[in-house]
4 protein chains.
Amino acid sequence: MKKTQVAIIGVTGFTGERLANILLSHPQVELSYVTARLIEPKPLAEIFPYLEKKTQLVCENFKEEKALKKAEVFFLSLPHTVSFTIAPFLLKGGKKVIDLSADYRIKDTLLYRKYYQKLHKDRKNLKKAVYGLPEFWRAKIREAYLVANPGCYATAVLLVLLPLLKEGIIKDDFVVIDAKSGVTGAGRRALLDYHFSFISENVRAYKPLTHQHLAEINQQIFSFAHKRAVVKFCPHLLPLNRGIMITVYGKLKGGNSSSRIKKAYFKYYRREPFVRVRDFLPLLRDVYNTNFCDIGFSCDRDSVVIVGVIDNLMKGAASQAVQNMNIMLSLDERTGLI
Amino acid sequence: MKKTQVAIIGVTGFTGERLANILLSHPQVELSYVTARLIEPKPLAEIFPYLEKKTQLVCENFKEEKALKKAEVFFLSLPHTVSFTIAPFLLKGGKKVIDLSADYRIKDTLLYRKYYQKLHKDRKNLKKAVYGLPEFWRAKIREAYLVANPGCYATAVLLVLLPLLKEGIIKDDFVVIDAKSGVTGAGRRALLDYHFSFISENVRAYKPLTHQHLAEINQQIFSFAHKRAVVKFCPHLLPLNRGIMITVYGKLKGGNSSSRIKKAYFKYYRREPFVRVRDFLPLLRDVYNTNFCDIGFSCDRDSVVIVGVIDNLMKGAASQAVQNMNIMLSLDERTGLI
Amino acid sequence: MKKTQVAIIGVTGFTGERLANILLSHPQVELSYVTARLIEPKPLAEIFPYLEKKTQLVCENFKEEKALKKAEVFFLSLPHTVSFTIAPFLLKGGKKVIDLSADYRIKDTLLYRKYYQKLHKDRKNLKKAVYGLPEFWRAKIREAYLVANPGCYATAVLLVLLPLLKEGIIKDDFVVIDAKSGVTGAGRRALLDYHFSFISENVRAYKPLTHQHLAEINQQIFSFAHKRAVVKFCPHLLPLNRGIMITVYGKLKGGNSSSRIKKAYFKYYRREPFVRVRDFLPLLRDVYNTNFCDIGFSCDRDSVVIVGVIDNLMKGAASQAVQNMNIMLSLDERTGLI
Amino acid sequence: MKKTQVAIIGVTGFTGERLANILLSHPQVELSYVTARLIEPKPLAEIFPYLEKKTQLVCENFKEEKALKKAEVFFLSLPHTVSFTIAPFLLKGGKKVIDLSADYRIKDTLLYRKYYQKLHKDRKNLKKAVYGLPEFWRAKIREAYLVANPGCYATAVLLVLLPLLKEGIIKDDFVVIDAKSGVTGAGRRALLDYHFSFISENVRAYKPLTHQHLAEINQQIFSFAHKRAVVKFCPHLLPLNRGIMITVYGKLKGGNSSSRIKKAYFKYYRREPFVRVRDFLPLLRDVYNTNFCDIGFSCDRDSVVIVGVIDNLMKGAASQAVQNMNIMLSLDERTGLI
């Protein structure tokens, strides 16, 4: 049986690299086209020397006509505000597109402009784009031609919050989310801010109350739970490479009830292949280099602390994109991911 | 001028070690007696080889009578529930005692018993003990014979919260404190939990809503600000050695007002040698290996995020103890600490 | 087609854990039996929580009769001097055994005793054991019932040295090997020596000139290259989890000749799936979590520096064991490893 | 008594920063002038926020005339090939100069050109410059106006090798030095090479057999021990911030003799305040943030492994520069350093 051919546009970033690794081992698709901004074509194993003897793919500059011939599914691993200049062409050519940037996540273009400082240039496809959080939008993803892969923080936050808000377990007037992330979340950038000597033995809080993922978080809370919640969010950069832990502090409606919380989570996640509801607070390490999201919690009389963990490059980016692809191609959702 | 002689009882833990380093360089006291549980006396430079050519002190088992002859001020760097078996003797001998355990921090012995699982055995001295947070109890510390050095988390939390609660800036019905700490906070213990391979590339949340430092935090909020605040606290263990960052999420009374917050902090800290109110969110690294506590914050319409950082072994333990000693001996409070 | 059933005896150590991960994803074998010293049986996903929703295997105490029924191939991931008490029974039952301890590596039992402080108890099988370095003993491994999986340092050293010694490129009178390893090389042990605070920002040299892997290194140099070389070896523990880098300093016979060195390596490794000869000095990271060994070098007039890297838990232990299994089962050698 | 005023030219690099910290706490000098390439003057505590409430020094652009008025001793913490454009002016003005670049270390200008790719522009002062390794050139340093502070690797290598070569303990025909360094050794540079994600869980060997410090190493071996030794040197970058460990492999002249080696080291270092000869292999951590060099060794029949450790930013740069200053100013050599 011929394998579906897939492409990565923008393979040299942390996310593109991770995608390449997953897709090279995926038993039912063939990675056939990888691009990056290069002066001249270069073997992928020269860009990532550890791929020597694993692949002979050559990385080249993106060319529209060639792209159409090389693959059926395209992963766009591009900076924000670049994806919407490329996706329309691919979609018009009948291709399926999974965009890992923020370009198709936020339906409200004013909000997009506020957070990403640029006018949205592809409102037509924006309307059709499906938010690629399979646990909540699986049916729509199955039919989609354009999937907007969620932000890393947004993935963790939504998987933790949506069941509790939807089921009315926690109050929506003041939800605190303290997020902790490894440095790959910031992308592969040559800044002193990411120098080993600045990151190690250090912690940095940034964008308090204003992080751009709040846009998609709020939009999804409204779409799915039909609520507006007051979410106070502050991310932190930690001395580690990969992983996001979010610690959520919520006020309980109707008092302490571990069993009600557990029931709410089980309602949505019992059959989910990649969400695990735990009897303990999960460690970051429990999901390292996997597509899992682990969730644990602890209550007192009137409040609950919930801990959710994902690998920011996996469930927070590359492997969730592949999970979406599996759904779009009607494959077993776990293929190549477990 | 003869230097005051000082002693460390329990020098081999992380805190005792740090204390030894500070006191060996302190220009106005002489470290004259150090003890630990040992089979036989051992040069301190054999226990900590990096002290070779720096000190010839010999570490020995604590002996009551000898102790009285060797020093005037005693730092007890002992496990909880051990200090209160030693302090009474030293106090009776007219010595000054700075206890770094929790034994003299909590006035309510029922609460002590709840959090430390043991009956308090020295209620007499407990009553006289002064809580060693100089920024709020300096005058009492100056007169004290027994100082209870605050817990590391408690120090950071109280320095951040007390001005805001006292001045009525934030509401007291739901204050969230997300704390992040390096591994030295857990003491020098040979457990797989602190194995390099378990700590690196990992994060762990623990004791959600139940950490023992809540006892002293609540007591101090009541003593100083005459309030009962609902504090939701969850600490996390991070892949780094030293430092605590706390991120506090509060609801503003009377709306956004950076200037009101700044004013409240300046009221208490402008003249403090070791608290710095910042125009930015401080990094853990800004206070690394110092006695400083740095505080920064950011508001939106109805809430504030405040970040406070200390070095858990310094302002959170050893150097704060030396700051207390400086006050008790009427020395310049900064001696040996800047 | 029924998959071959395989077992891991001793699954809770770093190596056993890695083995379990590889074998759970291996498409042509089924991990059917895992054991450890436990009071009562326990799901593997309880021991390693990240395996939840990935396996339902239960870990139990090793029982001889049950073992025989459960699998055809046994990986012994046990401490030295324990394997030789278990292997004879399995071999007698017609099973194939891959031993990851040192018990069957050293043919000279006096040497074994010298380095491992215990009398060897299974000389009969020791004689038949094949040293599991596929690049040099593939044909024998194919026929073997008992494979002694090489030590981690030995694997790296031999892959670097054997071609150069065999082909007479470097002098054998003084070969220096400086080895650097991550902490998992020391096993999962609750000692202060492996506490995060002791390992991070630290380096430790240990067992200079006397490390036990010298026994198998010297034996293999003699078996394969028919030489006795004077190898000066000193390993170092580094602040990282996984990986070994060896830096070899050799005196050139007959002067500088990059091309001669390259030729020698290509002679042995051009067709090897898991050894890559590089045009640059490889990074540790190039082989992280893979079964590869990468080799690079640089010459001056009369000497050469060669850098070899492996992942100590993979090519240095678990994945090399699976490579051996693949050979023993006549599978494609790369199955489950690329 | 008026303190001597001292200046740092180039305060923003890792070394300049360390110098500032040491000098701010030095009891007998006053740091009075600090410079860097800046658009406009900036408080030092703004560049390094952790210095707030510790200093009010303002950092400005270097101005020749102002410099002469501001200080008596100048530390040049500048890139190679910049120092020799500034030092002549300061020396002419009667100032004492301690240069931390390589500009005045190598007497042979051809060699300088080979390693630093630039013609030397100040041969006059080069001739008078004293190599600032106090353990071997203390008397000359005392009289010097221009001290060339040694390279970090060179410091460690020379302290280990000079006694053994001078006393004829090891053969000079093949000495192997494997060096391991933290990332601060490479300077504060915004390159992907020093990104946390590239450094952590990684090791890199670089400049095998060709590192520029070989020039000063060989020159010093000749100056002091009157020998030419064949030194094979390869440095490695490790996932840590600070520290250098060198592992030296030497062939013994006249057979094993721990006592002869110990005697040789004691001859040179017994009275040295900052070199410690150990009965064990020292850890990197033993000298962390100190001016010490620790040395330990282990022999077999015909060879010796010696381990030497320093902090690359301290004894390898900043604190050794202050040690030199103390000597030049006839202060107790340990002032401000212990």
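K.L.:
Quick question: what am I supposed to make of the relation of the copies chain A and chain B here?
P.N.:
Think of it as a corkscrew move, a rotation about one axis and a shift along it, taking one chain copy to the other. When chain A is fitted onto chain B, the two copies agree to an RMSD of 0.0 Å after a turn of 180 degrees and an axial shift of 0.0 Å. These values place the two chain copies in the arrangement generated by a two-fold rotation axis. When the interface residues of chain A are mapped onto chain B, 100% of them again fall at the interface, so both copies present the same face.

K.L.:
Would you explain the interface of chain D and chain C in this entry?
P.N.:
Where interface size is given, it is often the accessible area lost as the parts come together that is meant. Taken together, the 41 residues of chain D in the interface contact 40 residues of chain C. Of the roughly 3600 Å² buried at the junction of chain D and chain C (both faces included), carbon and sulfur atoms supply 64%. For the chain D face of the interface with chain C, the top three residues by lost area are E201, Y249 and R285 of chain D, together amounting to 20%. Linking chain D to chain C there are six salt bridges. A salt bridge links D178 of chain D to K180 of chain C; its shortest N-O distance comes to 3.1 Å. Where chain D meets chain C, there are 30 residue pairs in polar contact (both at pLDDT 80 or more).

K.L.:
How should I be thinking about the side chain of H120 of chain D in this particular structure?
P.N.:
All names here are of chain D. Relative to the assigned elements, H120 resides in the loop between α5 (109–116) and α6 (123–128). The class of H120 is buried, set by a relative accessible area of 4%. A polar side-chain atom of H120 sits 3.0 Å from the main-chain amide nitrogen of D122. Once residues lying within four places of it in the same chain are set aside, the contact partners of H120 are F84, D103, Y104, T109, Y112 and L126.

K.L.:
I'm lost on the interface of chain A and chain B in this one. Help?
P.N.:
Facing the 40 residues of chain A at the interface are 40 residues of chain B. Here chain A meets chain B over a buried area of about 3600 Å², counting both sides, of which 64% is carbon and sulfur. Considering only the surface of chain A that becomes buried against chain B, E201, Y249 and R285 of chain A emerge as the three largest contributors, covering 20% of it. Inspection of the chain A/chain B interface yields six salt bridges. Inspection of the chain A/chain B interface yields 30 residue pairs in polar contact (both at pLDDT 80 or more).

K.L.:
Could you clarify how one ought to interpret the packing of aromatic side chains in this entry?
P.N.:
Centre distance and the angle of the planes are the two values used to describe a pair of aromatic rings. Inspection of every chain in the model, using the stated rule, returns 52 aromatic pairs over all chains. With a centroid separation of 5.5 Å and an interplanar angle of 65 degrees, the aromatic rings of F274 of chain C and F292 of chain C are classed as edge-to-face. Note that F274 of chain C is positioned in the loop between α11 (258–269) and β13 (275–277) and F292 of chain C in the loop between β13 and β14 (293–299), a separation of 18 residues in sequence. Neither residue differs from the other here; F274 of chain C and F292 of chain C are each classed as buried. Plain terms: the ring middles of F224 of chain D and Y268 of chain D are 5.9 Å apart, the flat faces sit at 75 degrees to each other, and that makes the pair edge-to-face.

K.L.:
Would you mind showing me how to read the nonpolar core here?
P.N.:
The tendency in soluble globular proteins is for nonpolar side chains to be buried as a group. Of all hydrophobic cores here, the largest spans 252 residues; its most connected members are F75 of chain C together with F75 of chain D. Ignoring any residue separated from it by four or fewer positions in sequence, one finds F75 of chain C in contact with V6, A7, I8, I9, L19, L23, I98, L100, A321, V322 and M325 of chain C. Among the nonpolar cores identified, the runner-up in size contains 251 residues, and L23 and Y115 of chain A together with A154 and F274 of chain B belong to it.

K.L.:
Can you help me understand the pairing of strand β14 (residues 293–299) of chain D in this one?
P.N.:
Consecutive side chains of a regular strand alternate in pointing toward one face of the sheet and then the other. Residue and element names in this part refer to chain D. Of all seven residues in β14, seven are buried, a share of seventy percent or more. Here β14 shows no split at all, with C293, I295, F297 and C299 on one side and D294, G296 and S298 on the other all buried. Note: strand β13 (residues 275–277) against β14, three bridges, orientation parallel. The residue bridging R276 from the neighbouring strand is D294, located in β14. Here β14 runs beside strand β15 (residues 303–310); their pairing, made up of six bridges, is antiparallel. Each residue of the ladder has a partner; that of I295, found in β15, is G308. Connecting β14 to the antiparallel partner β15 that follows it, the hairpin turn spans three residues.

K.L.:
When you look at the sheet that holds strand β12 (residues 244–251) of chain A in this model, what are you seeing that I'm missing?
P.N.:
The strand order across the open sheet built from seven strands is β10-β11-β9-β12-β15-β14-β13 (chain A), with neighbouring strands paired in mixed fashion. For this open sheet the edge positions go to β10 (204–205) and β13 (275–277) of chain A, each flanked by a neighbour on one side alone.

K.L.:
I'm lost on the state of the cysteines in this one. Help?
P.N.:
Here, disulfide denotes a covalent bond that connects the sulfur atoms of two cysteines. What the rule picks out here adds up to zero disulfides over all chains. No disulfide involves C299 of chain A; its sulfur sits 13 Å from the nearest other cysteine sulfur, which is in C234 of chain B. We classify C299 of chain A as buried; its relative accessible area is 18%.

K.L.:
Hey, could you run me through the sheet that holds strand β2 (residues 29–35) of chain A in this one?
P.N.:
The pairing of strands in a sheet happens through backbone hydrogen bonds and is either parallel or antiparallel. Residue and element names in this part refer to chain A. Read from one edge to the other, the open sheet built from eight strands follows the order β3-β4-β2-β1-β5-β6-β8-β7, with strand pairing classed as mixed. Every other strand in the sheet has two partners, leaving β3 (42–43) and β7 (130–131) as the edge strands with one partner each. The sheet contacts of helix α4 (residues 83–92) involve β1 (4–9), β5 (73–76), β6 (96–99) and β8 (146–148), and relative to β5 the element is tilted by about 175 degrees.

K.L.:
Which parts of the structure should I look at to understand the pattern of salt bridges?
P.N.:
Side-chain pairs of opposite charge can arise whenever the charged atoms involved come near each other. Residues and elements named next belong to chain D. Counted under the stated rule, the structure contains 80 salt bridges over all chains. Of the charged contacts, one joins K262 and D279 as a salt bridge, the two residues approaching to 2.4 Å between their closest N and O atoms. Of the two residues, K262 is situated in helix α11 (residues 258–269) and D279 in the loop between β13 and β14; the sequence distance between them amounts to 17 residues. Using a relative accessible area of 67% as the deciding quantity, one classes D279 as exposed.

K.L.:
Looking at this model, I keep getting lost on the packing of helix α1 (residues 14–25) of chain C against helix α12 (residues 318–328) of chain C. Mind explaining?
P.N.:
Pairs of packed helices are described in terms of their axes, by the angle between the two and the distance that separates them. Residue and element names in this part refer to chain C. One way to put it is that α1 packs onto α12 with a least axis distance of 8 Å and a crossing angle of 50 degrees. By the angle class used here, α1 and α12 are oblique. Once α1 is placed against α12, the crossing between them reads as right-handed. Together, T15, R18, L19, I22 and L23 of α1 and A318, S319, A321, V322 and M325 of α12 make up the contact between the two elements. Among the residues forming the contact of α1 with α12, the class breakdown is seven nonpolar, two polar and one charged.

Analysis parameters
- Every chain is numbered on its own, with residues counted from 1 as its sequence reads.
- Naming scheme: in the order in which they are written, chains are lettered from A and ligands are numbered from 1.
- In keeping with the model being predicted, local features are shown solely for residues with a pLDDT of at least 70 and side-chain atom pairs are shown and tallied solely at 80 or more, while totals for entire chains, interfaces and linings include all residues.
- Heavy atoms throughout the structure, all of them, feed into the side-chain values; hydrogens and water do not.
- The atoms used to superpose the copies are C-alpha atoms, taken from residues with pLDDT of at least 70 in both, and the fit is least squares.
- Throughout, a contact is declared for two residues whenever any of their heavy atoms are within 4.5 Å.
- Simply put, the buried area is the total loss of 1.4 Å probe accessible area from both parts when two parts are fitted together.
- Salt bridge, as used here, is a side-chain nitrogen of Lys or Arg placed within 4 Å of a carboxyl oxygen of Asp or Glu.
- Within 3.5 Å is the distance limit for a polar contact, defined as a pair of N or O atoms, with the added protein rule that one can donate a hydrogen and the other accept it, and that residues adjacent in sequence qualify only through two side-chain atoms.
- Numbering of helices and strands runs from the N terminus, with a helix taken as a DSSP run of H or I at least four residues long and a strand as a DSSP run of E at least two residues long.
- Buried, partly exposed and exposed residues are distinguished by accessible area as a fraction of the type maximum, computed with a 1.4 Å probe on protein chains only: under 20%, between the cut-offs, and over 50%, respectively.
- Here the aromatic set is Phe, Tyr and Trp, taking the six-membered ring for Trp, and pairing holds for ring centres within 6.5 Å; pairs whose planes are under 30 degrees apart are stacked, those over 60 apart are edge-to-face, and all others are tilted.
- For the purposes of this section, nonpolar cores are sets of buried Ala, Val, Leu, Ile, Met, Phe, Trp, Tyr and Cys residues that join through side-chain atoms within 4.5 Å.
- When DSSP finds at least two bridges between two strands, those strands are taken to pair.
- Whenever a pair of cysteine sulfur atoms sits within 2.5 Å, that pair is classed as a disulfide.
- Only the contacting stretch of a helix is used when fitting its axis, a line to C-alpha atoms as for every element, and angles between N-to-C directions run 0 to 180 degrees.
- Working definition: roughly parallel below 35 degrees, roughly antiparallel above 145 degrees, roughly perpendicular at 65 to 115 degrees, and oblique for all remaining angles.
- Left-handed describes a crossing whose near helix is turned anticlockwise from the far helix by less than a right angle; the clockwise case is right-handed.
- Under this grouping Gly is polar, as are all residues other than the nonpolar Ala, Val, Leu, Ile, Met, Phe, Trp, Tyr, Cys and Pro and the charged Asp, Glu, Lys and Arg.

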